[in-house]
Structures are given as structure tokens and as C-alpha cells.
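Residue-level structural notes
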Amino acid sequence: MSSCPAFIDLPEEEQIIELRKYLKTTGAEISEENCGAGWITDLMQIIDATDTCWKAADEAEVEGFFTSVLSLVFIVPTAKTDEVVLSLCEKVVKGGDKMKELRLRILNNLYSGVDERSPVRYNVYCAMVKLAGQTNSVDCINTNLEEVQKWMKMWNLDTEKRVNLLRQLLEAFLECKQNETASKAMVELLRSYTEDNASQARDDAHRCIVHHLAQKDMYLVDHLLILKPIKFLEGELIHDLLTIFVRGSLQNYMEFCKANPDYVEKLGLSHELCIEKMRFLTFLSMASDNKEIMFDTMEQQLNLSPDEVEAFLIDVVRTQLVQASIDQIQRKIIIRWSQHRTFGRQQWQQLRDMLERWRENLGTVRNNLQQLTPS
């Protein structure tokens, strides 16, 4: 069988007929004659019958066929574009496990062929993201969240569509096991809600908290508390638990678990991992308030045995959230620097004071240099 060419130089009606003929060779139940209701209706029939394409043996033929289909889609009048594009995207996404790379390439060609400011790109991009998630190919498309935000403004999307797009990205990241990027997408999703609809984001807010607490290497979560949908959870156990991870101690966490048996496990969280993270976060608070911490204090507040202290400190330093040295003789740790668990008014004031001291020191250095310079 010869390859299906791109019939770009033929009139639309003749292109449709050739495409119908090709579909018949793939086993599609479609007439070889046009329906007589106009070439756009014929094109919709062509798209609707493309399910059999993914079962074809020759991928090059399938690509040539869709190249011809796209050439017609690009000249569809604006009033009909949304309907045609949505139909095509749906068919390409539902292609199963066949020709994954080709299907993503078809959607990418469709996306590139649409004007960058056209809202139609929204539908195509959503399809690309969904397909990329299903086929573990999210790295093959541009998912930079800053650029996505620019596109959403350019396409003038309403809140519902913004939420849908960000949720599609989130699902794709999760399917592809990209947990760190998924965390960022969750935050952007919650930020997309307004005061008027933040209460509708209850499930998204709940899921966001659980996801962040479940990540082994994610310790600082204070940025979640300022998100409007999460504020709507105030007074609920999930919000109480998040607050403990933001500013509470290991003892606070253990008391919470005692008062709410099995709650953490019902969320799908590991109690052991939560203890490990809270132990570290409690130490982080101690390091922020003290330049030196005795081993005995750590054993008491972190519920560690004497044999566990040094191994714990090594793990802490590996996170790079603390810079410290161990004095084994005096059984203490000397803190050189530590990351704050939260960054609020007190931390801003500390930063201001430090910058003021730097400015004063630089002024002193300048004056000394001026005195050394011959007049």
C-alpha cells in the first residue's frame, strides 16, 4: 500500500474523499462519498472515524493522514474551530497505547498551527497534557508553570478553565511521579481560586496538604497557610495538623495523634515518616533560637536515645537546611546557620537589622579607605 499523502493542493471536497478512502483501508465504517452537507461536516465525520488509524501497521501513513486532516482544520472558519478541534483532540487522546509519540506530535503540530493568542490553544494544550500524563511523556511538552500562567492570561481564560488546566497539569505530574513539580502545581491551583469560590476548593486544599506532608524531603510548608482555600479549612483537624508541621513541635504532634487515634493513617500518611519529619522540624526551631544545643536537650525534646543523636545530626546536616558542627567531647552541636521554619514579621525585621549592619560596616570601610588615600 502506498503512503497516504498530504492533499494540501486539492480542493477541500477532494481532500475529504481521499481521506475517506484511506480510512476505509484501515477498517473504518465510513462512506467513500461526501455527505453533501459541506466539507466541514465531512471533516467532522472523518475525525469521528479515526479510531481505526491507531491499529494501522504503517505509522508513516497515519502521520501523512493526520497531516492532511490538520491542513483542513487550520482553514476551518472561526465559528466552527472549537467544535472541530475538540473532536480531534478527543480522538487523538483516546488512542490507547498505540503510537504514543506520534499522537503527541500530532497535538503539538495542531497547537503550533493555531495562533498563539487564540483561546483554541487552551483545548489543545489540555489534550497534550492529558496524553503526556497517560503515556509518561510529560517531559516532552512545555509545562513551565510561569509560562503556563502567561498563556492563561493571553488566552483570557475564566477561573473555571484556569482551574481545569492547572488540575490537568497536576494529574499529569502525579502520573509521571514528578512529586516536586506536582507540589508547585497544587499551590498554583489553589492560588487560582478567588475569595468568591475558595470555599469550593475544599477537596483540592485537603489533597494539597496531604501531598505536601507525605513528601519525605519536603519540610517547609508555611506557604500553604496563606492560601485562601486552605484558610477555609481552619478549625478542622487537617488544618490543625498542617499548623503543627508549620510551627509545632514533636510533642505537639504526638499529643495530636493521641487525641485523634488513626487520623494520620486514614489520611494515607505514614506515622513513622511524620515523626521523623517533626523531629527534624523541632530541631530546626531549636537551632533558630540557640547557637549551641546540648545532646541531653536533644534526647529529651526529640525523643532520641544517646546512640541515635549523632546519626540524627548527620541526617539533619545533609538536608542543607542547617550548617553545624558536632563537639563530641562536650556533647553538643554548634549552630552556624539554620533555615527558619516560617518567614514572618520577626524574620523580616532580623533581615532588615542585618542589612543595616552591613550598610554601617561598608560605610566604616569606605571612610577608612578615604583616610588612607592621599589628598
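Structure: above.
These notes cover the structure that comes with them. Note on numbering: residues in each chain are counted from 1, in written sequence order. Selection of residues for local features in this predicted model requires a pLDDT of at least 70, selection of side-chain atom pairs for listing and counting requires 80 or more, and totals for whole chains, interfaces and linings are taken over all residues. For the side-chain quantities, the full set of heavy atoms in the structure was used; hydrogens and water were omitted.

Thoughts on the overall build of the chain
Strands are runs of DSSP state E lasting at least two residues, helices are runs of H or I lasting at least four, and both sets are numbered from the N terminus onward. Each helix and strand counted, the chain has 18 helices and 3 strands in total. Computed over C-alpha atoms, the radius of gyration of the chain comes to 30 Å, more than 25% over the 21 Å expected from 2.2 N^0.38 for 375 residues, which places it beyond the range of a compact globule. With the C-alpha coordinates of the chain rotated into their principal frame, the extents come out at 90 × 75 × 45 Å. To sort residues, take the accessible area from a 1.4 Å probe on protein chains only and compare it with the maximum for the residue type: under 20% means buried, over 50% means exposed, and anything in between is partly exposed. A total of 375 residues make up the chain; the buried ones form 46% of that total. Only the C-alpha atoms count toward the radius of gyration. The rule for a globule is 2.2 Å times the residue count to the power 0.38.

Structural notes on the packing of helix α6 (residues 120-134) against helix α8 (residues 159-175)
Relative to each other, α6 and α8 sit at 20 degrees, their axes nearing to 8 Å. With respect to each other, α6 and α8 are oriented roughly parallel. Considering the relative orientation of α6 and α8, their crossing is left-handed. Side by side, α6 and α8 meet where Y122, Y125, C126, V129, K130, G133 and Q134 of the first sit next to K161, N164, L165, Q168, L169, A172 and E175 of the second. Amino acids outside the nonpolar list (Ala, Val, Leu, Ile, Met, Phe, Trp, Tyr, Cys, Pro) and the charged list (Asp, Glu, Lys, Arg) are all regarded as polar, and Gly is one of them. The residue makeup of the contact of α6 with α8, split by class, is 7 nonpolar, 4 polar and 3 charged. To get an axis, a line is fitted to the C-alpha atoms, and for a helix only the part in contact is used. The angle between two axes follows their N-to-C directions and goes from 0 to 180 degrees. Roughly parallel covers angles under 35 degrees, roughly antiparallel covers those over 145, roughly perpendicular covers 65 to 115, and oblique covers all other angles. Crossing chirality is assigned from the near helix's rotation relative to the far helix, an anticlockwise turn below a right angle marking it left-handed and a clockwise turn marking it right-handed. Whether two residues are in contact is decided by their heavy atoms: any pair within 4.5 Å suffices.

Brief notes about the pattern of salt bridges
Within this document, salt bridges are pairs made up of a side-chain nitrogen of Lys or Arg and a carboxyl oxygen of Asp or Glu, the two lying within 4 Å of each other. Summed over all chains, the structure comprises 15 salt bridges. Across the pair D48 and K91 runs a salt bridge whose closest N-O atoms are separated by 3.8 Å. Here K91 lies in helix α4 (residues 78-93) and D48 lies in helix α2 (residues 39-48), a separation of 43 residues in the sequence. In this structure, the salt-bridge partner of K94 is E90, at a minimum N-O distance of 3.0 Å. For K94, a relative accessible area of 60% corresponds to the exposed category. The network of salt bridges with shared partners includes D48, D51 and K91.

Some points on the pairing of strand β2 (residues 322-327)
A pair of strands is treated as paired once DSSP finds two or more bridges between them. Sheet topology places β2 next to strand β3 (residues 332-338); 6 bridges connect them, and they run antiparallel. Opposite S325, over in β3, you have I334 as the bridge partner. Here β2 hands over to β3 after 4 residues, with R331 in that stretch at a positive phi of 50 degrees.

Details of the environment of L104
Along the chain, L104 falls in helix α5 (residues 100-113). Each C-alpha atom of the pair L104 and I141 lies 8.8 Å from the other, and the pair is 37 residues apart in sequence. The residues contacting L104, other than those within four sequence positions of it, are M128, L131, A132, S137, C140 and I141.

A closer look at the side chain of D327
Mapped onto the secondary structure, D327 falls in strand β2. Charge counting treats Lys and Arg as positive and Asp and Glu as negative, with His and both chain ends excluded. One buried charged side chain, D327, makes no salt bridge at all; its nearest oppositely charged neighbour is K332, positioned 4.7 Å away.

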